[in-house]
Amino acid sequence: AKGKKKKKKKGGGAGPSQEPEEGAEAPSEADAAEAAKKAEEARLLLLLETLTEERMRFGITAESQVAEAARLGAAADEAEVEADEEEEAEAV
């Protein structure tokens, strides 16, 4: 059994057969899935590139984001304290 050569299929050697073969759908589904995966990857890379350009254009850095988050956190804390004080005043 070892060393036996497989017989070549008869037919034109100019590409795949046009006749549907058993299991022919599986490779085309796999090809479609691979194409979709590559298209999604390309879309995400373009989005990343766009976002990076926008961050540079607006001067957004990791440091500026941390500072803004701290500012927003402090403002939220202050608003919460004011709301609590208003509730206490209304309860009296």
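Look above for the structure.
Predicted model only: the values in this text are computed from it and were never measured.

*Asks:* Even after reading the chapter, I still don't get the overall build of the protein, so can you show me in this structure?
*Replies:* A count of helical and extended segments in the protein gives two helices and zero strands. Burial status across the protein gives 0% buried among its 92 residues. If you sum the accessible surface of the protein, you get close to 9000 Å²; carbon and sulfur atoms cover 57% of it.

*Asks:* Even after reading the chapter, I still don't get the pattern of salt bridges, so can you show me in this structure?
*Replies:* When charged atoms on two side chains of opposite charge get close, those side chains can pair. In the structure shown here, the tally under the stated rule is three salt bridges. Its salt-bridge partner being Arg57, residue Glu54 comes within 3.2 Å of it at the nearest N-O pair. Here the residue Glu54 and the residue Arg57 both occupy positions in helix 1 (residues 25-58), the gap between them amounting to three residues, near one helical turn. For Glu54, a relative accessible area of 31% corresponds to the partly exposed category.

*Asks:* How should I be thinking about a negative patch on the surface in this particular structure?
*Replies:* Residues Asp77, Glu78, Glu80, Glu82, Asp84, Glu85, Glu86, Glu87, Glu88 and Glu90 make up a contiguous surface patch of negative charge. Tracing the backbone shows Asp84 in helix 2 (residues 62-91). Classification of Asp84 as partly exposed rests on a relative accessible area of 37%.

Definitions and cut-offs
- The residue count restarts for each chain, going from 1 along the sequence in the order it is written.
- Since the coordinates come from a predicted model, pLDDT governs what is reported: local features require at least 70, and pairs of side-chain atoms require 80 or more to be given and counted, while whole-chain, interface and lining totals use all residues.
- Side-chain descriptors were evaluated using all non-hydrogen atoms of the structure, hydrogens and water having been removed beforehand.
- Note on conventions: DSSP H or I runs of at least 4 residues are helices, E runs of at least 2 residues are strands, and numbering of each starts at the N terminus.
- Burial classes: relative accessible area under 20% of the type maximum marks a residue as buried, over 50% as exposed, and values in between as partly exposed (1.4 Å probe, protein chains only).
- Surface accessibility follows the Shrake-Rupley procedure with a 1.4 Å probe radius. Residue values consider only the protein chains on display as shielding.
- Here, a salt bridge means any Lys or Arg side-chain nitrogen found within 4 Å of an Asp or Glu carboxyl oxygen.
- Note that patches include only residues with greater than 30% relative accessible area and no salt bridge, and the join distances are 9 Å for like charges and 5 Å for nonpolar side chains (Val, Leu, Ile, Met, Phe, Trp, Tyr).
- His residues and chain termini do not enter the charge count, which takes Lys and Arg as positive and Asp and Glu as negative.
- To locate a charge, take atom NZ for lysine, CZ for arginine, CG for aspartate or CD for glutamate.

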